[in-house]
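In case you want the letters, here they are:
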Amino acid sequence: MWREIAGRERRHSPSLPCLYVLLVLAGTGLTACEDTSLPSGPRAGDTPAEKPETSSRQNARPGSAGSPVPMPHERPSGPLPPPYRVPAAAGKYEPRPATLVPPPPGDGPFNVVFISLDTVRADALGCYGHPAFRTPAIDGLAASGAQFAQAITHIPETALSHWAIFTSVEPPLHGNVNRNGTSRYVGPLAQEIFKAHGYTTGAVIGGVTLRSDVGLHRGFDTYDEDFAFSTKALKRPGGEVTERAVAFIRAHGNGPFFLFVHYFDAHFPYQPPPPFDTLYDPGYHGDVDGSDEKLAPYRDGNKPIADRDLAHVKALYGGEISFLDAQVKTLSAALAETGAKDRTLVVLFSDHGESFEHDYYFNHARVLYDATLHVPLIIAFPGVVLPGVVVETQVRTIDILPTVLELLGIPGDVKFQGQSLAPLLHGLEQHLPSAFSLTDPWRPSHLESVRSEGWKLILGPNDRQTLFDLAQDAGENHPIEARDHPIAKVLRDEHLRHKARLAALESRMMGPPPPPRPELSPQEIEQLKRLGYVR
């Protein structure tokens, strides 16, 4: 069902071939799910039960056929009352001396919209090659700007992934934000930089994983996280997120504004609203649905699931994807209706993907396969980013913020670890470092990976090493013995140098740990269990 990125009749870049939660919280006695080995995916020498589905690159753009996806929500008729929270003090902003490209043409002001599709893997979108899921609005956004074919996240968990994106600093330098209630990084967040340049900043949050108790609210003028949730409803419906975001756009259409829109719908459980719940598998008559009650026995590979039932769960996930596409359509329409579209830079991304293979189902936090690390990244900026560009070079999510600031002519911060991708967007050659990723480093037996030039090395406990040739094995079903492999040695050495660099940065970029957070309530514990973060 999952396929590698398909080609399109587009112009390529001319120079280029979760509340991820811990949790041993002080005083709770609650321990996160633990595993002393890699998940039970294929090992060197194993024979996979079935071959992964593959496809050659295609000329036609997938997902373009068929009737448009219906819209289940209407746009609001006017601004909504703002249940917002005002944040605390800012991090220190130390501007870089200059940007590499001139400011965008025109008088401005130029707005910025970040759209985060939580838990959306790249290959679930039509513009990234999915043969069935319909995502016309997202495909259209990609066609109007630049699509990065190989964008890699640094951690497959929500809070730290967003902290990395909003600061251009890798997860280890933030500390355990879920236990601490904020990051230990001493530098600024994106919204603090925009505020320093006269922007109104706002956020609309769709899931419990980004509540202000992980600290990401800092620097937003308005942080809309005030939605009703229970142990059975851990996310705000995407239609409500869109309503609030549209209200913000209408209220601040003259700009400049920075708006962060966070959708949590694709996250487990998979229960899209009608008609998206039957969009891709209307003939299913089994009893496995996308609810926690039905899927809990199969999560993390605890119990084998029948192929037909697995296909249905994937179809439900696809329904969530198409529902999210409908929300993107509404946001784009609101920008156009207010006259802001032609002066707004839009970035669409995901914090991490979701696993439906490798004997690790309906979760993401404990594996480093591309199913959880390879995320969509699209940047559209009329008049600045040429339409129809597909960048094949591997990039990282910490590169997003430096790129956005440079395209706007705003200096970045000297502490950024990411690099601006503006040269790639202007058809220039650019060397980028390897992508380093890890699972929760504050849990036992965490994993780390290095991904570079079509190869990935996953490092686990007890010196376990797994190498994949992604050019020949995009599905990562055929691990290579890494011990004496020359590519593995290069990646191991690179990994050691990278860890040494992070260690050297700790004293300069990390403040003291804050006091421990209060104990979790019984309701919060139940929420974390339902999200699959604790047992």
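Within each chain, residue numbers correspond to sequence positions counted from 1 in written order. Whole-chain, interface and lining totals are the exception, using all residues; otherwise, since this is a predicted model, local features are given only for residues with pLDDT of at least 70 and side-chain atom pairs are given and counted only at 80 or more. The side-chain numbers reported here are obtained from all heavy atoms of the structure, hydrogens and water having been left aside.

Enquirer: So what's going on with the packing of aromatic side chains? Residues and values would help.
Expert: Ring pairs (aromatic) are described by centroid distance and by the angle formed between their planes. Here the aromatic set is Phe, Tyr and Trp, taking the six-membered ring for Trp, and pairing holds for ring centres within 6.5 Å; pairs whose planes are under 30 degrees apart are stacked, those over 60 apart are edge-to-face, and all others are tilted. Overall, the coordinates contain 22 aromatic pairs when judged by the stated rule. An angle of 85° between the planes, with centres 5.7 Å apart, marks the rings of Phe248 and Phe257 as edge-to-face. Buried means the residue's accessible area, taken with a 1.4 Å probe over protein chains only, is under 20% of the maximum for its type, while exposed means over 50%, and partly exposed covers the values in between. For Phe248, a relative accessible area of 5% translates into the label buried. Between Phe268 and Tyr270, the aromatic rings sit 5.6 Å apart at their centres with planes inclined by 90°, giving edge-to-face as the arrangement. Residue Tyr270 is classed as buried on the basis of its relative accessible area of 0%. Connected via pairs of aromatic rings, a cluster forms that spans Phe114, Phe166, Phe194, Tyr199, Phe220, Tyr223, Phe258, Phe260 and Phe349.

Enquirer: Requested: an account of unusual backbone geometry, with residues and values cited.
Expert: Residue Pro269 is reached from Phe268 by a cis peptide bond, and omega for that bond is 0°. Under the scheme used here, helices are H or I runs from DSSP no shorter than 4 residues and strands are E runs no shorter than 2 residues, and both carry numbers assigned from the N terminus. Tracing the backbone shows Pro269 in the loop between strand E5 (257-263) and helix H6 (292-295). With an omega dihedral of 0°, the bond running from Pro274 to Pro275 counts as a cis peptide bond. Note on placement: Pro275 falls in the loop between E5 and H6.

Enquirer: Go over helix H5 (residues 238-251), please, and point to the residues and values.
Expert: An α-helical turn contains 3.6 residues, so a residue and the one three or four places further along point in the same direction. Here H5 spans 20 Å end to end across 14 residues, near enough to the 20 Å set by a 1.5 Å rise per residue. The element H5 is extensively covered by neighbouring structure, given that 10 of its 14 residues are classed as buried. By the burial criterion, the buried members of H5 are Gly238, Gly239, Val241, Thr242, Arg244, Ala245, Val246, Ala247, Phe248 and Ile249. Here, two residues are considered to be in contact whenever any of their heavy atoms come within 4.5 Å of each other. For H5, the secondary structure elements touched by its buried residues are strand E3 (200-204), strand E4 (222-224), E5 and helix H7 (307-337). Working rule for helices: expected span equals 1.5 Å times residues minus one.

Enquirer: Can you break down the pattern of salt bridges residue by residue, with the values?
Expert: Any Lys or Arg side-chain nitrogen found within 4 Å of a carboxyl oxygen on Asp or Glu counts as a salt bridge. Scanning the entire structure with this criterion turns up 19 salt bridges. Close ionic contact of Asp221 with Lys195 constitutes a salt bridge, the shortest N to O distance being 2.6 Å. Highlighted residues: Asp221 in the loop between E3 and E4 and Lys195 in helix H4 (residues 190-196), separated in sequence by 26 residues. With a relative accessible area of 28%, Asp221 lands in the partly exposed category.

Enquirer: Mind laying out helix H9 (residues 400-408), listing which residues take part and the relevant values?
Expert: Along H9, nine of the nine residues are buried, which leaves the element largely enclosed by surrounding structure. Listed in full, the buried residues belonging to H9 are Ile400, Leu401, Pro402, Thr403, Val404, Leu405, Glu406, Leu407 and Leu408. Of the residues trailing H9, Gly409 is marked for its positive phi of about 80°.

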